[in-house]
Amino acid sequence: MNASTFPLPPQVGVGLKPEHYVPAFEAVSASAPFHAGRPAWFEVHPQNYSGAGGPPHRWLSAFARNAPLSFHSVGLSLGSAEGVNLEELERLAALCDRYAPALVSDHLSWRGSASNRYPDLLPVPYTREALLRFAQQVSRVQDRLGRTILVENPSRYLAFCGDTMDEADFLHALCALTGCGILLDINNIEVSATNLQLDAQAMVDAIDPALVGEVHLAGHAREDHPHGPLLIDDHGSPVTDASWRLFERFVRSAGARPTLIEWDSNVPAFDVLLAEAAKADAIMQCLVAVPEPSHALA
Amino acid sequence: MRWLDGGQSAVMQALDRGPAYLPEGIFAGPPERVLAGMKVHANTISHARLVALEETFPRTREHLGHDQFNAHSRLFIQQPGVTAAALADIGANFPAFLLEAGEGADAADLARFEQC
């Protein structure tokens, strides 16, 4: 596997949204004064750059010259019985060749079949059968991209009857089989733990921090039902207090990691995103020594 | 039921046709909880497809009005073949669908223009 051109720094990044192109670019330009929460890197969904050119690519090229990028794919469908979506894989490979992102990731999930693509991240049972199939597909992606990827723990609303291992064991086995790493989504831990009545702290503690290459922080929606609360991973609000505490718990034991503030629906003003980033930054600064930001990479 | 040999397609059938098609023995927990979980996924899928159409055809939506556009969109995403496309391409046949649905050529032309 090739080393990426720009390693992702163990600092805070934000998801790059078209409505934030101007303020985000100003924030990372060489002349911008440093302020807490200034993103050290940006994450994009490569599926949003599936066209060949136009303004989105002009912006992304400009960002790529000023800050490291992380490509967070939602389209590979690694857990599909049919296997990975090859069209998406080729698109992703082309974008990786073009932008040399520091990290590439996708999800521990599946998205339907070639004849019926679901724009959602559906859960995978934690069984040996699913593990071996999933590992085969991760290896296929890594071979094509010529690099290792990170796989994100999912937000779960459903538990499978036939699970033979827990989520951490599944992810650790996947890493051992493929050499991939883990993208630890703290919000997904809170969502899954609440929905499936699991212990969120134990879920965080169970993850081997040495395998975690990136952390995600986001908000979620809540529905109250007679059968208990249902948390919905909509990335449409601030990070919850419970997720901040889980993040602190992880950082305390693992040290600083590249950490993303995700906000994909009801997207707020860029300053709101920066305030969340500053909060994450303060936690990492407080709990571990973080190196000075090095945003000028061009 | 093995997950890769039938389990996954059973879940797809339930997502497409409704919870009555979800076989027992796949998901754990009380039925009302399983139903709520399936509903989250079904809503996410439907919402993402409708939003993709809104984002692809903002002027057509303005031209038709939100309610009319939404009614067409909901019917359109149930047409055979539509959901085989990536989200970015899901509206490929939407202009032709608008014509077939009885909208004027102006709406279909506007949609075609927005596709480019």
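Residues numbered from 1 in each chain as written. Chains lettered and ligands numbered in written order. Predicted model: local features only at pLDDT ≥ 70, side-chain atom pairs only at ≥ 80, totals over all residues. Heavy atoms only, no water.

Asks: How would you sum up the overall build of chain B? Please name residues and give values.
Replies: Within chain B one finds six helices and one strand. Mapped from its N terminus to its C terminus, chain B presents α and β elements in the order α-β-α-α-α-α-α. Relative to the compact-globule value of 13 Å for 116 residues, chain B shows a C-alpha radius of gyration of 17 Å, a clear excess of over 25%. Taking the principal axes of the C-alpha coordinates as reference, chain B spans close to 50 × 25 × 20 Å. For chain B, with 116 residues in total, the buried portion stands at 41%. Across chain B, every contact between residues at least 6 apart in sequence was considered, and the portion connecting residues at least 24 apart equals 46%. (Helix = DSSP H or I, 4+ residues; strand = E, 2+ residues; numbered from the N terminus. Rg over C-alpha atoms; globule rule 2.2 N^0.38 Å. Buried < 20%, exposed > 50% of the residue type's maximum accessible area, 1.4 Å probe, protein only. Contact = heavy atoms within 4.5 Å.)

Asks: Now, about unusual backbone geometry: what can you tell me, with residues and values included?
Replies: Residue and element names in this part refer to chain A. Here S77, not a glycine, exhibits a phi torsion of approximately 55°, which is positive. By the secondary structure assignment, S77 is in the loop between β3 (69–72) and α3 (86–99). Among the residues examined, S77 registers a relative accessible area of 7% and is labelled buried. The phi dihedral of A100 is positive, around 45°, even though this residue is not glycine. In this structure, A100 sits in the loop between α3 and β4 (103–107).

Asks: Hey, could you go over the confidence of the model for chain A for me, with residue numbers and the actual values?
Replies: With 92% of its residues at a pLDDT of at least 70, chain A reaches an overall mean of 92. Counted against residues more than four places away or in other chains, residues 1–6 of chain A, with its pLDDT under 50, gives 15 contacts. (pLDDT = per-residue confidence, 0-100.)

Asks: Any details on the pattern of salt bridges? Residues and values, ideally.
Replies: Inspection of the entire model under this criterion finds 13 salt bridges over all chains. Where R222(A) meets D224(A), a salt bridge forms, and the shortest distance between an N and an O atom there is 3.1 Å. Per residue, the accessibility class of R222(A) equals that of D224(A), and both read exposed. Several salt bridges share partner residues, and in doing so they unite E87(A), E88(A), R91(A), R117(A) and D89(B) into one network. (Salt bridge = Lys/Arg side-chain N within 4 Å of Asp/Glu carboxyl O.)

Asks: Hey, could you go over the packing of helix α1 (residues 21–28) of chain A against helix α2 (residues 55–66) of chain A for me, with residue numbers and the actual values?
Replies: A pair of packed helices can be characterised by two numbers: the angle between their axes and the separation between those axes. Residues and elements named next belong to chain A. Relative to each other, α1 and α2 sit at 20°, their axes nearing to 10 Å. Here α1 lies roughly parallel to α2, going by the angle between them. Read as a crossing pair, α1 and α2 show a hand that is left-handed. Between α1 and α2, the contacting residues are Y21, V22, A24, F25 and V28 on the first element and P56, W59, A62, F63 and N66 on the second. Partitioned by chemical class, the residues of the contact of α1 with α2 number nine nonpolar, one polar and no charged. (Axes fitted to C-alpha atoms, helices over the stretch in contact; angles between N-to-C directions. Parallel < 35°, antiparallel > 145°, perpendicular 65-115°, else oblique. Left-handed = near helix turned anticlockwise from the far one by under 90°. Nonpolar A, V, L, I, M, F, W, Y, C, P; charged D, E, K, R; others polar.)

Asks: Which residues make up helix α1 (residues 3–17) of chain B, and what are the values?
Replies: Along α1(B), the residues that are buried comprise W3(B), G7(B), Q8(B), A10(B), V11(B), M12(B), A14(B) and L15(B). Those residues of α1(B) that are buried are in contact with β5 (110–113), β6 (116–122), α4 (128–145) and β8 (159–160) of chain A together with β1 (27–28) and α2 (31–56) of chain B. Phi turns positive, to about 120°, at G18(B), one or two residues after α1(B).

Asks: Pulling in residues and values, what's your account of the sheet that holds β4(A)?
Replies: The pairing of strands in a sheet happens through backbone hydrogen bonds and is either parallel or antiparallel. Residues and elements named next belong to chain A. Read around the closed barrel, eight strands run β1-β2-β3-β4-β7-β9-β10-β13, paired in parallel fashion. Across the sheet, the axes of successive neighbouring strands diverge by a mean angle of 25°, strand direction being ignored. Across three bridges, the pairing between strand β1 (residues 12–15) and strand β13 (residues 259–261) is parallel. Note on β13: the bridge partner recorded for V12 is T259. (Pairing = 2+ DSSP bridges.)

Asks: Describe in detail the interface of chain A and chain B, supporting the description with residues and values.
Replies: Opposite the 35 residues of chain A that make contact, chain B presents 32 residues. Contact with chain B buries area across many residues of chain A, yet P119(A), E129(A) and L158(A) alone supply 21% of it, more than any other trio. The interface formed by chain A and chain B includes two salt bridges. Between E129(A) and R2(B) there is a salt bridge, and its shortest N-O distance comes to 3.4 Å. Between chain A and chain B we count 21 residue pairs in polar contact (both at pLDDT 80 or more) in total. Of all the secondary-structure elements, those providing two or more residues to the side of chain A that touches chain B are α3, β5, β6, α4, β8, α6 (186–196) and β12 (228–232) of chain A. No other element matches the seven residues that β6(A) contributes to the side of chain A that touches chain B. The class makeup of the residues in the side of chain A that touches chain B is 18 nonpolar, eleven polar and six charged. (Buried area = accessible area lost by both parts, 1.4 Å probe. Polar contact = N/O pair within 3.5 Å; in protein donor to acceptor, adjacent residues only side chain to side chain.)

Asks: Residue-level account of the packing of aromatic side chains, with values.
Replies: Scanning the entire structure with this criterion turns up 18 aromatic pairs over all chains. Each ring, one from W244(A) and one from F247(A), has its centre 6.3 Å from the other, and the planes form 70°; the classification is edge-to-face. Remark: F247(A) and W244(A) occur in helix α8 (residues 241–254); sequence separation between them is three residues, near one turn of the helix. Accessibility classification places W244(A) together with F247(A) in one group, the buried group. Seen from their ring centres, F76(B) and F94(B) are 5.1 Å apart, and the 70° between their planes marks the pair as edge-to-face. (Phe/Tyr/Trp six-rings, centres within 6.5 Å; stacked < 30°, edge-to-face > 60°.)

Asks: I'd love a proper account of α6(A), names of residues and values included.
Replies: Residues and elements named next belong to chain A. With ten of eleven residues buried, α6 is to be regarded as a mostly interior element. All of the buried residues along α6 are I186, N187, N188, I189, E190, V191, S192, A193, N195 and L196. Put simply, D185 is the residue that caps the front of α6, since its side-chain oxygen is 3.0 Å from the backbone nitrogen of N187. Of the residues one or two after α6, Q197 is the one with positive phi, at around 55°.

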